[in-house]
Amino acid sequence: MSVDREVQAAKLRVEELRAIIAHHDYRYYVLDSPEISDAGYDELMRELRQLEERYPQFITPDSPTQRVSGQPVEAFGIVEHRLPLLSLANAFNGEELRAWHRRAANLAERDDFALVCEPKMDGLAVALVYENGRLVQGATRGDGTRGENITENLRTIRTIPLTVGKDAPVRFEARGEVHMNKRGFERLNEERAREGQPLFANPRNAAAGSVRQLDPRVTARRPLDIFIYALGWAEGETPPTHWESLEWLGSLGFRINPNNVRVPDIEAAVRLCGEWQERRDGLEYEIDGLVVKIDDRELHDRLGIVGREPRWAIAYKFPPIQATTKLLEIGVNVGRTGSLNPYAVLEPVRVGGATVKLATLHNEDDIRRKDIRIGDTVIIQRAGDVIPQVVGPVASLRTGEEREYRTPERCPACGAPVHRPEGEAMSYCSNVACPAQAFRQLAHFVSRGAMDIDGIGESLGASLMQAGLVKDPADLYSLTKEQLVGLERMADKSAQNILDAVAGSKERPLGRVIFALGIRHVGSEIAEVLAQRYPSLDALAAASVEELQSIPAIGPKIAESVSAYFQTEANRRMIEKLRRAGVRLEAEGAPPAEGPLQGLQFVITGTLASFSRSEAEERVRSLGGNAGSSVTKKTDYLVVGETPGSKLKKAREYGTKTLSEEEFRELLRRHGAA
DNA sequence: GATCCTCGAGTTCG
DNA sequence: CTCGAGGATC
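Given the structure is predicted, the values throughout are model-derived calculations rather than measurements.

Asker: Talk me through the protein's contact with DNA strand B; I want residue IDs and the actual numbers.
Answerer: Around DNA strand B sit 23 residues, and of these R336, K357, L358, G523 and I526 come closest. T355 has a polar backbone atom sitting 3.3 Å from a phosphate oxygen of DNA strand B. One nitrogen or oxygen atom from the main chain of S524 is found 3.5 Å from a phosphate oxygen belonging to DNA strand B. Of all the elements in the fold, those that place two or more residues in the surface near DNA strand B are strand 16 (354–360) and helix 17 (524–533). Looking at the surface near DNA strand B, the element that brings in the most residues is strand 16, giving six residues. In the surface near DNA strand B, the residues fall into nine nonpolar, ten polar and four charged.

Asker: Give a description of the sheet that holds strand 8 (residues 224–234) that names residues and reports values.
Answerer: What the four strands build is an open sheet, ordered 5-4-7-8; its pairing is antiparallel. A single partner strand is all that each edge strand has here, and the edge strands are strand 5 (134–140) and strand 8. Adjacent strand axes in the sheet meet at a mean angle of 30 degrees when their direction is disregarded. Bridge count for strand 4 (residues 124–131) against strand 7 (residues 171–180) is eight bridges, and the pairing is antiparallel. Each residue of the ladder has a partner; that of L124, found in strand 7, is V178.

Asker: Mind laying out the sheet that holds strand 15 (residues 340–351), listing which residues take part and the relevant values?
Answerer: Strand order in the open sheet formed by five strands is 16-15-14-18-19, with antiparallel pairing between adjacent strands. Sheet topology places strand 16 and strand 19 (389–393) at the edges, where each strand pairs with a single neighbour. The mean inter-strand angle of the sheet, taken between neighbouring strand axes irrespective of direction, is 40 degrees. Judged from the seven bridges that link them, strand 14 (residues 322–334) and strand 15 form a sheet pairing that is antiparallel. Within strand 15, the position partnered with V332 by the bridge is P342.

Conventions and cut-offs
- Residues numbered from 1 in each chain as written.
- Chains lettered and ligands numbered in written order.
- Predicted model: local features only at pLDDT ≥ 70, side-chain atom pairs only at ≥ 80, totals over all residues.
- Heavy atoms only, no water.
- Near = heavy atom within 4 Å.
- Polar contact = N/O pair within 3.5 Å; in protein donor to acceptor, adjacent residues only side chain to side chain.
- Helix = DSSP H or I, 4+ residues; strand = E, 2+ residues; numbered from the N terminus.
- Nonpolar A, V, L, I, M, F, W, Y, C, P; charged D, E, K, R; others polar.
- Pairing = 2+ DSSP bridges.
- Axes fitted to C-alpha atoms, helices over the stretch in contact; angles between N-to-C directions.

The following block contains the structure:
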């Protein structure tokens, strides 16, 4: 039938147009050397759009007309990175770069390797996953293990190819840094100024804010760009060097920074870092340093990872942007543990795009060490991160009016005496009933990693305590709507939301509950360890110091602290209140003591492809096994992932059995862990 | 006793 | 992110 033939022809033409447009997108956006006029390009797009309107069945997500297709979303989904995105160790001068190189050369037992130097973009790292030639997922770095799914937003960035050539692997991940160049940033801010919208402080914030828009149509209008800086993982053959993998990614249509350089040795890299420091302002985008990577990918595997940092790469950071301002006053906060934390009140000053008014001063020793005095002119910097630091005073600007700081003798919140334990850096308020501590305890109890009670923040927590409605966290569970509505700016609806959030927290896992109690030295990790060991809060409360100490990762201090907590009358009373309110103080489901891996000690090293380390550990525990962090004589199995660290060596010394990831998965399968 | 790692606690700005 | 402290190991 002729209709069929017509449809068939349209389909072919649609595919052809897409290929042509993709080619011109690449020429224009990636290579910056178009082959056709804008009018010619528009004509192609128009034809494609018309055909797609007529034959909507041919619309696919990788069509260039569909860059902005997504609808606004409520929130981003979370995706697990198959291979974690690592962070980098820093070097702040040539000497530290050389030291890094020496360590790597020692471990590698050679020093003749080439290095790749790449401008370190100040942007937002993302991971792009392609399957069968199509972009299927784009995610933020997040904490390195899991990030946010921002695929629809990334699709709007013209330099990100929606499709890649046929010779690409079936599945692979490309990693890059999304950023906004200086001109785009200025134009965006001019536009926002005209529209009376708040301005972005710097290109980095603008890029990060744009990528995290819930409505992709907003993202599409932002002048975002990307440089791909690494091949994440790939199924199949990959080039032997980092440099070649970049070239190869370039040939697939990705945008690679043309300023990347491969150098033969560390001295050349050091020279280059110095040169770029001078030239950084000449670039059209902002950089905060250079990344230096060992080119040979085989060496990457040999050198491995320490903590979350690969040994085969390092970030050379330019000196941070500094400013001077007046230190007006030193204030003191009281922390959850009663610690007195001094902070600097500064005359507001702009540093690296943000206005700084406060900065933490850590503790008295630190202030003394840096010789910071009230009234000093001080140097402020925002190094790499966001958090401002007081570097030190400008002693030459002293007038003699400056005062030295002294830790107050009485708690600024409650007036109780302050004491400083022998050998500790911090001073503490001695009053167990200090209102400031109680307030911080409450904030900790409701916080995200603990009971996760949404809607109770700083201000509501403060007013609840002010009104005498809440004296300890357990009181949250007896709040009534009438009480809440009596508070300022609290209508029926929001009061109900709060009550729902409180009620919804009654069934948190035991580990969360233990963490929420805020026992000194017991953070999220130790709380989880305790929850694995004891089936209920009562069982934990009954444990002796000796018994607690026998648990790996728990030494005398933690054991003592836990025991003391449960012996304190006020704490026992609060736990009783929690119990009566219906908060579950028992582990969920059957105790893990019966699992098939009962009594076996597992340790994981390197990166696993199919799950994150904590996930793998969770599975082990769910089968009754133990998962530790370092190899000892007691370790039964070492699970070896990609780029194992020093643990593997240890395991060989002790003759510990090792499992490959495959074997480990097989073991889990055999014992019925999904 | 020294040293390596991991964990805990407090923190800034928009 | 930072520092300091706690735990484990040699």
